[in-house]
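The primary structure of each chain is shown beneath.
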Protein chains: 2
Amino acid sequence: MTAVTLQALSGLPEIGPGDDLAQLIGETLQQNDLGPQTKDILVVAQKIVSKAENRLADLASVTPGPHARALAATTGKDARLVELILSQSSEVIRTARNVLIVRHRLGYVMANAGIDRSNVPGAEGEELVLLLPADPEGSARTLRARLMERFGVDLAVVISDSFGRPWRVGTLNVALAAAGLPALHDRRGQTDRQGRVLEVTQVAVADAVAAAAGLVMGEGAEGTPVVLLRGFECDAPLRDATSLIRPVNEDLFR
Amino acid sequence: MTAVTLQALSGLPEIGPGDDLAQLIGETLQQNDLGPQTKDILVVAQKIVSKAENRLADLASVTPGPHARALAATTGKDARLVELILSQSSEVIRTARNVLIVRHRLGYVMANAGIDRSNVPGAEGEELVLLLPADPEGSARTLRARLMERFGVDLAVVISDSFGRPWRVGTLNVALAAAGLPALHDRRGQTDRQGRVLEVTQVAVADAVAAAAGLVMGEGAEGTPVVLLRGFECDAPLRDATSLIRPVNEDLFR
């Protein structure tokens, strides 16, 4: 029987700019008596990766241009925030009241270019928001390498963020980045029990990992931004989470 | 510390029309020494619910009309299958080569109205496909009631199916139906650690449950279509999975 366990790590300190996230996660794993095992997956919320990497921006220092002001009028959003969203985006996908869906420069189609206003304390007069990591895959690879070095086991790292969905209500955690696992499991050519070729041929493994971690990660006051997922087995070739981004030329919903 | 475990049930027999799914799942739980506990969630693949409910259709008996034939030419799909897809749908959302995305009459926006060709054995000359359950929420409620009666504990049932996503590659399991849990957790008005109102205010709990179960459920020859999820806690009000369907008038991507 296959069993997977999901364990939220308690006791991670509040993360701030310049913090050594790999060091802090390593210590917290040990404090939780969770020395990682081979094939463990650590799911880390984007928010703490961005904070550690000082991906903060101050709305008070942003001057919105005409495009941002027009979109702010359409969406009802702060024009300075819209300016910042546009600066992170390659394309505006849809707008509506309270809705601004863009293609992030890294390829993700998401609301507000993933810019987050919550949980960011700032100084007097500052209005800090949090951008995505500059290179999420690089962040995931570094975290993985550091934790593998510390613990001497082969493990994987997923950086997760919550995304909306066009036809479904509520957000779901997905994988912004993945190091050390098959983020996409390509099963094309495999057969079912009747020997018929499988209809579901590509499985979004890292997104399922991120969504699962969301069950114990929580948001808000009780947030625990690191989750250890143990027991998942998939021997497909390793692929990072860029494999989960649908290429623009296959996008039917631009 | 919060921990969730996911356990695929081994030994469930191949399900066919008329099988008593609640009885068979109950027996399999006992054979796996997994007498369910309060708050356990059973995630059941749509495929076996549909099979038990005899939601089979025979392509050999379908005559495609002009709309189906036109869409078959666009998509490259079997015109009889397209006819069947249209019969289950309220709206065609997008078409492309090998792609037919519709709004199912039950509201789900999904490929092929959820009709599945794999894993369905038929008699000579038959070309069987499998439709969604006629009333997935009803199926989930019945399964839940039967299993609660058998085991005398409060548990939840999710019926899952794999969906594609417009901007992400690979499929992810989502909740077609949910009984006994808050399928959508509405957190509007709650605050984060700085006292700021949360930006992520509605969480698609049942979709996360379904996606998590997908990690151990598998597809194809090794498929185990029932997963027991234990340890998830969320004291929000119960809501079924119709709460996860975005209303047509809020759809920005028709």
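Residues numbered from 1 in each chain as written. Chains lettered and ligands numbered in written order. Predicted model: local features only at pLDDT ≥ 70, side-chain atom pairs only at ≥ 80, totals over all residues. Heavy atoms only, no water.

A. A look at the packing of aromatic side chains. All names here are of chain B. Counted by the stated rule, this structure contains four aromatic pairs over all chains. Centre to centre, the rings of Tyr 108 and Phe 163 are 6.5 Å apart; their planes meet at 85 degrees, and the pair counts as edge-to-face. Remark: Phe 163 occurs in strand β8 (residues 156-165) and Tyr 108 occurs in the loop between β5 (99-104) and β6 (109-111); sequence separation between them is 55 residues. Of the two residues, Tyr 108 and Phe 163, neither departs from the other in class, the shared state being buried. For the pair Trp 167 and Phe 253, a centre-to-centre distance of 5.0 Å together with 70 degrees between the ring planes defines the contact as edge-to-face. Here Trp 167, found in the loop between β8 and β9 (168-179), pairs with Phe 253, found in the segment after β12 (226-230); they are 86 residues apart in sequence, far enough to count as distant. There is no split in this pair, since Trp 167 and Phe 253 are both buried. (Phe/Tyr/Trp six-rings, centres within 6.5 Å; stacked < 30°, edge-to-face > 60°. Helix = DSSP H or I, 4+ residues; strand = E, 2+ residues; numbered from the N terminus. Buried < 20%, exposed > 50% of the residue type's maximum accessible area, 1.4 Å probe, protein only.)

B. Focus on the pattern of salt bridges. All names here are of chain A. Applying the stated criterion to the full structure yields 26 salt bridges over all chains. One salt bridge in this structure joins Arg 230 and Asp 40, with 2.6 Å as the shortest N-O distance. In this pair, Arg 230 is assigned in strand β12 (residues 226-230) and Asp 40 in the loop between α1 (21-31) and β2 (41-45), connecting sequence segments 190 residues apart. We note that Arg 230, like Asp 40, is buried. (Salt bridge = Lys/Arg side-chain N within 4 Å of Asp/Glu carboxyl O.)

C. View of the sheet that holds β6 of chain B. All names here are of chain B. Across the sheet, three strands lie side by side as β4-β5-β6; this open sheet has antiparallel pairing. Strands at the two margins of the open sheet, each flanked by one partner only, are β4 (89-96) and β6. Neighbouring strand axes in the sheet, compared pairwise and without regard to direction, differ in orientation by 25 degrees on average. As judged from the six bridges shared by β4 and β5, these two strands associate in the antiparallel manner. Bridge pairing links Ser 89 to His 104 in β5. Strand contacts of helix α3 (residues 66-75): β4 and β5, with the helix running at about 30 degrees to β4, the strand carrying the most contacts. (Pairing = 2+ DSSP bridges. Axes fitted to C-alpha atoms, helices over the stretch in contact; angles between N-to-C directions. Contact = heavy atoms within 4.5 Å.)

D. Structural view of unusual backbone geometry. Residues and elements named next belong to chain A. Residue Asp 33 is not a glycine yet carries a positive backbone phi of 55 degrees. Tracing the backbone through its elements, the reader meets Asp 33 in the loop between α1 and β2. Since its relative accessible area comes to 70%, Asp 33 is described here as exposed. Non-glycine residue Asn 98 carries a positive phi angle of around 65 degrees. Here Asn 98 shows up in the loop between β4 (89-96) and β5 (99-104).

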